[in-house]
Amino acid sequence: MTKKTTRMALALGLAFGAAMGFQGPAQAQANRAEVLHWWTSGGESAAVKELANAYTKAGGTWVDAAIAGGEQARAAAVNRMVGGTPPTAAQFNTSKQFLDLIDQGMLANVDVVAAQNHWDQILPAPILNSIRIKGHFYAVPVDIHMPAWFWYSKAAFAKAGIKDEPKSADEFFADLDKLKAAGLVPLAFGGQPWQEKITFYAWLAHVGGPDMYMKLYRDKDVNLPGTPQFKALLASFKKLHNYVDAGSPNRNWNDATAMVISGKAGVQVMGDWAKGEFATAHQTAGKEFGCFPGFGPKSPYLVAGDVFVFPKNADPSQVKSQQLLATVFTSPATQVAFSNKKGSIPIRTDVDVKGLDLCAQQGVTIMKDVSRQLPTPEMLISPDLEGSLQDVITKFWNTNESVDDAAKAIAAALKNG
Ligand code: GAL
């Protein structure tokens, strides 16, 4: 849905809802909450159960509305809101994805809960900047994810004779060659647009560097794509394609993770939600698999994550459920239990993280160094621009489009905003 049609659809929905004296469905159980999300993999399901259990323990009634796929789930949430039958809460990324809904007056704020729990003091800046709009808190953050980790099978690395984690792109390509020579799938990959997109994010941040990354996503510098440095980055990104297997088109991300878990593939570049799959397979970081958040000791750390928004609801019991959800989701105990299963790190800096895995410990330490933090692109660009750039990267990855043409297409997407 483009921005314009979304706005029109939202406005129509508002008028329809008001005309029909929308009161929202009768609430059979106390604190009933229908929660719409896209967490359907093994690890994700185990994690969302932690949220559900904590909410039930707090006296709530959890109604699970899982829809596979982020884009699909977000579209379903917007359609339900426009149609006047909103869920109690809906998952979005920590991003600009829900700004339109705020502008159209479709979301309730949770200022009361934010004030009671001092969110302004316990949340890192990128998260705070994404959920507090014009002074009001329109979303509850539930995790901090880093979309650009490298996950590798220790068995595969041993079989390929790889002793150390690569410290540069050149070393990484050399390792991929060794994995190929050992008869393994070097790079486990899911050929879906959003995965191609985040692989490009990772490569741009880790190989292009923070300056190039911010010139593109923060400054939207239309002259950047035509530079030799950016074109070299595009060429290097496309070189990764030589190391994926023929089965990668349309593979789900967690099926690619399963290839690393089984040792069939060497490495996957993916967000740390992949750890939830290793955990579900009873594998331990540092034992069966390894992780590194980039190349070298000062690699950039992309800050991303998930929030839940609360569609406006005339039914006071739904408002009560929304505030209970926001309180439960951000409590220290829920944050640790959820992070352990989700592979994320807690949104609050005041919880005991000793029980988290090796990779999460690395992440928590890095998050203390603000100079390494880079906001994920969805925090910097509009959903429309994100979609246009995703289309360019997907075409470049899947066709023999030249670097020059891909660079021109990126410049055009930036120009059209
Ligand atoms: C991301 C989300 C993660 C993870 C991933 C794959 O957008 O932030 O929580 O679940 O999608 O589904």
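No experiment lies behind these values; they were computed from the predicted model shown.

Student: Please give an account of the pairing of strand E10 (residues 289-292) that cites residues and values.
Tutor: The alternating pattern of E10 places Phe289 and Cys291 and Gly290 and Phe292 on opposite faces, both of which are buried. Here four bridges tie strand E7 (residues 149-153) to E10, and the two strands are oriented antiparallel to one another. When the bridges of E10 are listed, Phe150 appears paired with Phe292.

Student: Could you give me a rundown of the domain arrangement of the chain, with the residues and numbers involved?
Tutor: Split by domain assignment, the chain resolves into domain 1 (3-143 + 305-368) and domain 2 (149-302 + 376-416). For domain 1 versus domain 2, the distance between C-alpha centres works out to 28 Å. Counting residues at the interface gives 25 residues for domain 1, matched by 26 residues for domain 2. Inspection of the domain 1/domain 2 interface yields one salt bridge.

Student: How would you explain the site of the ligand if you had to name every residue and give the values?
Tutor: Around the ligand sit Trp38, Trp39, Glu44, Asn93, His145, Trp194, Trp253, Trp273, Asp306 and Lys342, and that is every residue in its neighbourhood. Between the ligand and Asp306, the relevant distance is 2.6 Å, taken from an oxygen atom to a side-chain nitrogen or oxygen of the residue. Taking Lys342, its side chain carries an N or O atom lying 2.7 Å from an oxygen atom of the ligand. For the ligand, the accessible surface in isolation is 300 Å², of which the surrounding protein chains cover 89%. Taken together, the residues of the shell around the ligand sort by class into five nonpolar, two polar and three charged. Each of domain 1 (3-143 + 305-368) and domain 2 (149-302 + 376-416) gives at least three residues to the shell around the ligand.

Student: Before we move on, can you summarise helix H3 (residues 70-82) with the specific residues and values?
Tutor: Spanning 13 residues, H3 covers 18 Å between terminal C-alpha atoms, matching the ideal 18 Å at 1.5 Å per step. Within the span of H3, buried status applies to Gly70, Ala73, Arg74, Ala76, Ala77, Val78, Met81 and Val82. Downstream of H3 by a residue or two, Gly84 has a phi angle that is positive, lying close to 85°.

Student: Kindly report on empty space enclosed by the protein, identifying the contributing residues and their values.
Tutor: According to the stated counting rule, one finds one cavity of 30 Å³ or more in the structure shown. If you add up the space inside the largest cavity, you get close to 70 Å³. Along its surface, the largest cavity is lined by Lys197, Phe200, Tyr201, Leu216, Tyr217, Ile381, Glu386, Leu389, Gln390, Ile393 and Ile410. Of all the elements in the fold, those that place two or more residues in the lining of the largest cavity are helix H10 (193-208), helix H11 (210-217) and helix H18 (383-398). The dominant element in the lining of the largest cavity, judged by the number of residues it contributes, is H18, at four residues. In terms of residue class, the lining of the largest cavity is made up of eight nonpolar, one polar and two charged.

Student: I'd love a proper account of helix H13 (residues 253-261), names of residues and values included.
Tutor: Residues of H13 that are buried: Trp253, Ala256, Thr257, Met259 and Val260. For H13, the angular spread of the buried residues around the axis is 150°, confining them to a single face. Those residues of H13 that are buried are in contact with helix H2 (42-57), E7, strand E8 (185-187), H10, strand E9 (265-270) and helix H14 (275-280). Among the residues trailing H13, Gly263 stands out with phi positive, at a value near 85°.

Student: Give a description of the sheet that holds E8 that names residues and reports values.
Tutor: Across the sheet, which stays open at both edges, the four strands sit in the order E8-E9-E7-E10 with mixed pairing between neighbours. Since the sheet does not close on itself, it has two edges, and those belong to E8 and E10, each with one partner. Sheet twist, expressed as the average angle between the axes of neighbouring strands with direction ignored, equals 20°. Bridge count for E7 against E9 is four bridges, and the pairing is antiparallel. Bridged to Trp149 within E9 is Met270. Sheet strands in contact with H10 are E7 and E9, and its direction is about 85° off that of E9.

Student: Any chance you could break down the state of the cysteines for me, citing the residues and the numbers?
Tutor: The term disulfide refers to a covalent linkage connecting the sulfur atoms of a pair of cysteines. This model, assessed by the stated rule, comprises one disulfide. Disulfide pairing places Cys291 opposite Cys359 at an S-S distance of 2.2 Å. Its torsion about the S-S bond being -105°, the disulfide of Cys291 and Cys359 is classed as left-handed. Placement of Cys291 in strand E10 and of Cys359 in helix H17 (residues 358-367) is noted, with a sequence separation of 68 residues between them.

Student: Please provide a residue-by-residue account of the confidence of the model for the chain, values included.
Tutor: For the chain, per-residue confidence averages 94 on the pLDDT scale, and residues scoring 70 or more make up 93% of the total. Throughout residues 17-27 the model reports pLDDT below 50, and contacts reaching past four residues in sequence, or to other chains, amount to 13 contacts.

Student: Tell me about the environment of Phe329, residues and numbers included.
Tutor: By the secondary structure assignment, Phe329 is in helix H15 (residues 316-329). The exposure class assigned to Phe329 is buried, which follows from its relative accessible area of 0%. The spatial distance from the C-alpha of Phe329 to the C-alpha of Tyr55 is 7.9 Å, given a sequence separation of 274 residues. In this structure, Phe329 is in contact with Leu51, Trp62, Val140, Val142, Phe308, Thr334 and Gln335, ignoring residues within four places of it in sequence.

Student: Mind laying out unusual backbone geometry, listing which residues take part and the relevant values?
Tutor: One non-glycine residue with positive phi stands out, namely His118, at about 50°. With respect to the secondary-structure elements, His118 resides in the loop between helix H5 (111-116) and helix H6 (119-122). The exposure class of His118 is partly exposed, given its relative accessible area of 43%. Positioned with a positive phi, Lys134 is a non-glycine residue whose angle comes to about 50°. With respect to the element layout, Lys134 can be found in the loop between strand E4 (132-133) and strand E5 (136-137). Accessibility expressed as a relative area gives 71% for Lys134, which makes it exposed.

Rules behind the numbers
- Residues numbered from 1 in each chain as written.
- Predicted model: local features only at pLDDT ≥ 70, side-chain atom pairs only at ≥ 80, totals over all residues.
- Heavy atoms only, no water.
- Buried < 20%, exposed > 50% of the residue type's maximum accessible area, 1.4 Å probe, protein only.
- Helix = DSSP H or I, 4+ residues; strand = E, 2+ residues; numbered from the N terminus.
- Pairing = 2+ DSSP bridges.
- Domains from an automatic or database assignment.
- Contact = heavy atoms within 4.5 Å.
- Salt bridge = Lys/Arg side-chain N within 4 Å of Asp/Glu carboxyl O.
- Near = heavy atom within 4 Å.
- Polar contact = N/O pair within 3.5 Å; in protein donor to acceptor, adjacent residues only side chain to side chain.
- Areas by Shrake-Rupley, 256 points an atom, 1.4 Å probe, with all protein chains shown as cover.
- Nonpolar A, V, L, I, M, F, W, Y, C, P; charged D, E, K, R; others polar.
- Expected span 1.5 Å × (residues − 1).
- 1 Å grid on protein atoms, 1.4 Å probe; cavity = no way out; pocket = protein on both sides within 12 Å on 5 of 7 lines; lining within 4 Å.
- Points joined across faces, edges and corners; volume = space filled by probe spheres on them.
- Arc of directions from axis to C-beta.
- Axes fitted to C-alpha atoms, helices over the stretch in contact; angles between N-to-C directions.
- Disulfide = S-S within 2.5 Å.
- pLDDT = per-residue confidence, 0-100.

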